[in-house]
Amino acid sequence: MTDTGVSVSTGLENVADLEATLESLLSVERFDPSAAFTRRLPMDADRAAAEADPNAFWARKAEELLTWHTPFTQVLDDSNPPFYTWFADGMLNLSENCLDRHVAAGRGERVAFHWHGEEGERRTVTYADLLADTQRLANGLRSLGVRAGDVVGIFLPMIPEVAVAMLACARIGAVHNVVFGGFAPSAVRERMEVSDAKVLITVDGARRKGRTAPVKAAVDAELGDLPALGHIVVVSGPGGTGAPMTAGRDVWYHELLATAAPDCPPEPLSAEHPLFILYSSGSTAKPKGILHTTAGYLLGATYTHRAVFDIDPDTDVYWCSADVGWITGHSYIVYGPLSNGVTSVMYEGAPDYPDYDIWWRLIEEYKVTVFYTAPTAIRTCIKWGARYPGRHDLSSLRVLGTVGEPINPKAWLWYHVVIGGGRCPIVDTWWQTETGSALISPLAGVTSTKPGSATLPLPGISPALLSEDGEPVTEGTGILVITKPWPSMLRTLYKDDERFVKTYFSRFGPSTYVVGDAARLDADGYFWIIGRIDDVINVSGHRLSTAEVESAIVAHEAVAEAAVVAQYDEQTGQAIVAFVTLAGDRSGDEATEAELREHVARRIGKLARPRRIIWADDLPKTRSGKIMRRLLRDIAEGRELGDVTTLRDPAVMAALTAKVGTAR
Ligand code: 6R9
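Residues numbered from 1 in each chain as written. Predicted model: local features only at pLDDT ≥ 70, side-chain atom pairs only at ≥ 80, totals over all residues. Heavy atoms only, no water.

K.L.:
Could you give me a rundown of the overall build of the protein, with the residues and numbers involved?
P.N.:
Across its full length, the protein holds 20 helices and 31 strands. The C-alpha radius of gyration computed for the protein amounts to 25 Å, which stays within 12% of the reference 26 Å derived for 664 residues, consistent with globular compactness. Taking the principal axes of its C-alpha atoms as reference, the protein extends roughly 75 × 65 × 55 Å. For the protein, the residues scored as buried account for 60% of the 664 residues in total. Summarising the internal contacts of the protein: among those between residues at least 6 apart in sequence, 71% fall at separations of at least 24. Within the structure as shown, the protein displays about 24700 Å² of accessible surface, and the carbon and sulfur contribution to it stands at 51%. In the protein, the 64 positive side-chain charges and the 84 negative ones have mean positions that sit 2 Å from each other. (Helix = DSSP H or I, 4+ residues; strand = E, 2+ residues; numbered from the N terminus. Rg over C-alpha atoms; globule rule 2.2 N^0.38 Å. Buried < 20%, exposed > 50% of the residue type's maximum accessible area, 1.4 Å probe, protein only. Contact = heavy atoms within 4.5 Å. Areas by Shrake-Rupley, 256 points an atom, 1.4 Å probe, with all protein chains shown as cover. Lys, Arg positive; Asp, Glu negative; His and termini not counted. Charge placed at Lys NZ, Arg CZ, Asp CG, Glu CD.)

This is how it looks when you write it as structure tokens:
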């Protein structure tokens with residue numbers, strides 16, 4: 001099937017028509033690139049070159065796509081697996097690749113970001129503007145004592161200053177550590193403490209749907225006593241609340257820029273110089289500080305952004321709706337697009353404010369050509385209804401992308417028909433914080449797609465499926481691994497090489513990267529990601545560890561014990577269900593439930609709030625005392641119970657089933 005022949009207008013106004021269209025498309029297994037789609041970037045040569053010699057392929061891309069101070073002579077060093085290095089003797093500066101080279105080529109006036117504020121404000125930030133601010137902030141950070149290798153925390157909303165902050169760090173070789181703006185200040189504290197951050201860049205207040213919450217004051221209360229944290233730089237945000245400032249420690253961002261020297265030449269850094277740490281949830285309560293380095297990471301972000309989305313920097317207007325606090329924002333809002341010199345939209349607000357059509361309004365206003373979002377967002381839009389996108393002209397769109405979790409075929413088809421007007425290829429990009437850039441994904445307009453499948457490995461990437469015993473699986477279900485190193489892979493977990501090796505490279509040896517996902521390979525060699533095989537929950541595409549949520553819950557004085565599992569959820573993919581045993585003879589009531597949910601929001605963030613709390617007198621445990629989450633999942637999802645024979649006390653399950661049965 002080459003073209004679904006669905007035009008933008010059909011089926012939108014009439015819900016029944018749309019349902020019928022989607023229903024009829026559900027039986028289509030495969031969507032070949034439409035004849036009407038003109039790809040701008042040829043890809044055949046890349047595939048062939050990468051297959052023939054992956055290292056030579058990456059070397060050529062590194063030369064073509066990046067600007068170097070000192071060219072590299074080494075490509076991959078795999079003499080000490082899993083500690084790989086790429087292009088190690090080359091020198092470059094990442095901010096120079098994202099800014100100076102575009103300005104030097106006469107593209108300084110090109111818009112880097114069309115920033116759109118929640119209250120409809122517009123700010124146009126050019127490449128020259130970004131370069132000017134980045135240099136001043138880089139000098140400002142130096143004046144605060146920041147040197148190459150020092151860690152700088154960034155806790156900012158979706159405003160252009162977040163990109164400036166990251167680029168200023170990269171300019172002087174400081175290592176940034178961005179924390180998602182939706183996280184609680186206590187999570188910021190933990191991440192700053194374990195990484196010994198010297199400076200934190202934050203905001204006075206952050207807006208969300210018409211309300212402005214104080215951020216700096218909350219940061220003071222949580223982080224004020226951190227010994228390593230010498231300075232806090234405060235951006236006066238769009239909400240402009242003002243903030244308490246401690247003399248000698250705190251400085252306003254705009255004052256720092258105003259007094260800093262305007263020129264800060266990019267510091268040539270080694271290709272393997274650490275670029276950033278990004279904390280991600282693992283299977284223990286302690287988040288993992290995933291460390292990326294300079295050249296390999298930038299190459300992955302630059303190349304895949306171009307190749308996957310078929311980006312033409314001269315004509316495309318690109319928008320990724322993620323938050324910069326996630327890896328998607330790092331690679332596909334900041335580094336990939338800026339390195340490619342593309343014009344992007346950056347949106348501060350929520351998808352339902354001031355109305356449910358804001359995203360589509362922005363696509364129409366800025367004539368967005370490439371749009372990248374998450375399945376959970378698409379499902380939410382489906383719930384709101386096709387009439388919201390139906391209000392706007394979306395004909396500028398040419399490529400659509402998704403990331404974060406498997407997309408169900410129904411949502412894929414809705415995206416294809418309602419947003420893409422049946423003409424835009426959908427790229428379902430599979431990757432992780434650890435992988436730095438997309439690894440399994442269609443190439444827009446090249447790869448035939450199958451709704452729900454991330455399709456095929458990108459050039460230079462070698463994924464495979466293994467059985468529990470490490471046998472290769474050529475068709476069917478298995479454990480997803482990557483068998484060859486790639487440039488944008490994580491280099492280690494910050495200050496924890498041992499955990500790095502143990503988490504990713506112990507199960508099948510030091511040269512096989514274990515992803516943590518299960519997947520299925522079909523007869524065409526297409527990958528279908530099934531989901532996590534560790535204790536990680538994926539809520540709206542965001543990773544949360546069961547252990548982290550559990551430890552937050554048990555930190556509440558009323559709680560004796562807690563077990564957290566994921567339950568299938570139509571909207572968010574997975575939702576958190578907590579089984580909680582209260583201390584003493586306290587019994588669970590609505591007030592306690594509300595208190596616990598609030599408590600988790602304060603400690604981790606709103607995302608981590610359990611959807612359901614089930615009061616349990618006791619939890620099902622093995623004889624060695626391990627909580628059997630598998631059984632709790634069965635209960636949460638209302639399934640028949642799996643094997644209970646290894647339980648210490650099978651009666652616990654009977655009691656729980658009886659309780660949940662009545663509660664539902
Ligand atoms: C980029 C990002 C990584 C985990 C990953 C997998 C899931 C991401 C996916 C997908 C199916 C896709 N995941 N993209 N599952 N299809 N296209 O999301 O990074 O936050 O580290 O999450 O997300 O389970 O292992 P991160």
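That shown, we press on.
K.L.:
Go over helix α11 (residues 327–340) with me, naming the residues and quoting the values.
P.N.:
The element α11 is largely enclosed, with a buried count of 14 among its 14 residues. Trailing α11 by a residue or two, Gly-341 shows a phi angle of about 70°, which is positive.

K.L.:
Which residues make up the packing of aromatic side chains, and what are the values?
P.N.:
Inspection of the entire model under this criterion finds 32 aromatic pairs. Here the aromatic residues Phe-83, Trp-486, Phe-500, Tyr-504, Phe-505 and Tyr-513 are joined through ring pairs into a cluster of three or more. Here the guanidinium or amino end of Arg-123 rests over the ring plane of Trp-115, the centre of that ring lying 6.0 Å away. One Lys or Arg, Lys-450, reaches over the ring of Tyr-526 and ends 4.5 Å from the middle of that ring. (Phe/Tyr/Trp six-rings, centres within 6.5 Å; stacked < 30°, edge-to-face > 60°. Lys NZ or Arg CZ within 6 Å of the ring centre and 35° of its normal.)

K.L.:
Got a sec to walk through the nonpolar core? Specific residues and values, please.
P.N.:
The biggest cluster of nonpolar side chains holds 160 residues, and the ones touching the most others in it are Phe-87, Leu-137, Ile-201, Phe-309, Tyr-335, Ile-553 and Val-580. Broken down by element, this core gets its largest block of residues, 10 residues, from helix α6 (residues 160–172). In this structure, Trp-360, Leu-362, Ala-411 and Ile-426 belong to the second largest nonpolar core, which totals 37 residues. (Core = buried A, V, L, I, M, F, W, Y, C linked by side-chain atoms within 4.5 Å.)

K.L.:
Would you mind going over the environment of Ala-560 in detail, with residue names and values included?
P.N.:
Structurally, the position occupied by Ala-560 is in strand β29 (residues 559–569). We classify Ala-560 as partly exposed; its relative accessible area is 47%. The sequence separation of Ala-560 and Pro-244 amounts to 316 residues, and the corresponding C-alpha distance is 38 Å. Setting aside residues no more than four positions away along its own chain, Ala-560 makes contact with Val-554, Thr-581, Leu-582 and Ala-583.

K.L.:
Let's hear about the UniProt feature "domain: Acetyl-coenzyme A synthetase N-terminal" (unreviewed entry) in the protein: which residues, and what values?
P.N.:
Under the UniProt annotation, "domain: Acetyl-coenzyme A synthetase N-terminal" (unreviewed entry) lies at residues 46–98. A distance of 23 Å separates the end C-alpha atoms of residues 46–98, which is 45% helix and 11% strand. (UniProt positions renumbered as here; feature names shortened; annotations may be inferred.)

K.L.:
Run through the pattern of salt bridges, naming residues and quoting values.
P.N.:
Scanning all chains against the criterion turns up 44 salt bridges. A salt bridge links Lys-216 to Asp-250; the nearest nitrogen and oxygen atoms lie 2.7 Å apart. Of this pair, Lys-216 sits in helix α8 (residues 216–223) while Asp-250 sits in strand β12 (residues 250–252); the two residues are 34 residues apart in sequence, bridging distant segments of the chain. With respect to class, Lys-216 is no different from Asp-250; both count as buried. Taking the shortest distance from any N to any O, the salt bridge between Arg-629 and Glu-550 comes out at 2.8 Å. With Arg-629 in helix α19 (residues 629–636) and Glu-550 in helix α17 (residues 546–554), this residue pair connects regions lying 79 residues apart in the sequence. Several salt bridges share partner residues, and in doing so they unite Arg-39, Arg-40, Asp-310, Asp-316 and Arg-398 into one network. (Salt bridge = Lys/Arg side-chain N within 4 Å of Asp/Glu carboxyl O.)

K.L.:
Pulling in residues and values, what's your account of the side chain of Asp-323?
P.N.:
With respect to the element layout, Asp-323 can be found in the loop between β16 (317–320) and α11. Here Asp-323 is buried and forms no salt bridge, its nearest opposite-charge partner Arg-208 lying at an N-O distance of 6.6 Å. At a separation of 2.7 Å, a polar atom in the side chain of Asp-323 contacts the main-chain amide nitrogen of Gly-325. Apart from residues no more than four positions distant in its own chain, Asp-323 is found in contact with Met-158, Phe-180, Gly-181, Gly-329 and Ile-333. (Polar contact = N/O pair within 3.5 Å; in protein donor to acceptor, adjacent residues only side chain to side chain.)

K.L.:
Which residues make up the sheet that holds strand β26 (residues 527–532), and what values do they have?
P.N.:
Pairing is antiparallel across the open sheet formed by five strands, whose spatial order is β22-β21-β23-β25-β26. Looking along the sheet, the strands with just one partner apiece sit at the ends: β22 (472–473) and β26. Taken together, the five bridges between strand β25 (residues 513–521) and β26 define a ladder with antiparallel strand orientation. The residue bridging Arg-520 from the neighbouring strand is Trp-528, located in β26. (Pairing = 2+ DSSP bridges.)

K.L.:
Provide a residue-level description of α8, including the pertinent values.
P.N.:
Regarding α8, the residues found buried are Lys-216, Val-219, Asp-220 and Leu-223. The buried residues of α8 occupy an angular sector of 105° when projected down its axis, which confines them to one face. (Arc of directions from axis to C-beta.)

K.L.:
Break down the site of the ligand for me, citing the residues and quoting the values.
P.N.:
Near the ligand there are 17 residues, and of these Asp-428, Thr-429, Thr-433, Arg-532 and Arg-543 occur at the shortest range. Between a nitrogen atom of the ligand and a main-chain N or O atom of Pro-406, the distance comes to 3.5 Å. Between a nitrogen atom of the ligand and a side-chain N or O atom of Asp-428, the distance comes to 2.7 Å. Only α11, β20 (426–429) and β26 provide two or more residues apiece to the shell around the ligand. For the shell around the ligand, the per-class residue count stands at six nonpolar, six polar and five charged. (Near = heavy atom within 4 Å. Nonpolar A, V, L, I, M, F, W, Y, C, P; charged D, E, K, R; others polar.)

K.L.:
Would you mind going over the packing of helix α1 (residues 15–25) against helix α15 (residues 409–419) in detail, with residue names and values included?
P.N.:
Interaxial distance between α1 and α15 falls to 10 Å at its minimum, and their mutual angle equals 120°. It follows from the interaxial angle that α1 and α15 lie oblique. Crossing of α1 against α15: the hand is right-handed. Mapping the contact onto sequence places Leu-18, Glu-19, Leu-22 and Leu-25 in α1 and Lys-410, Leu-413, Trp-414, Val-417 and Val-418 in α15. Per-class residue counts for the contact of α1 with α15 are seven nonpolar, no polar and two charged. (Axes fitted to C-alpha atoms, helices over the stretch in contact; angles between N-to-C directions. Parallel < 35°, antiparallel > 145°, perpendicular 65-115°, else oblique. Left-handed = near helix turned anticlockwise from the far one by under 90°.)

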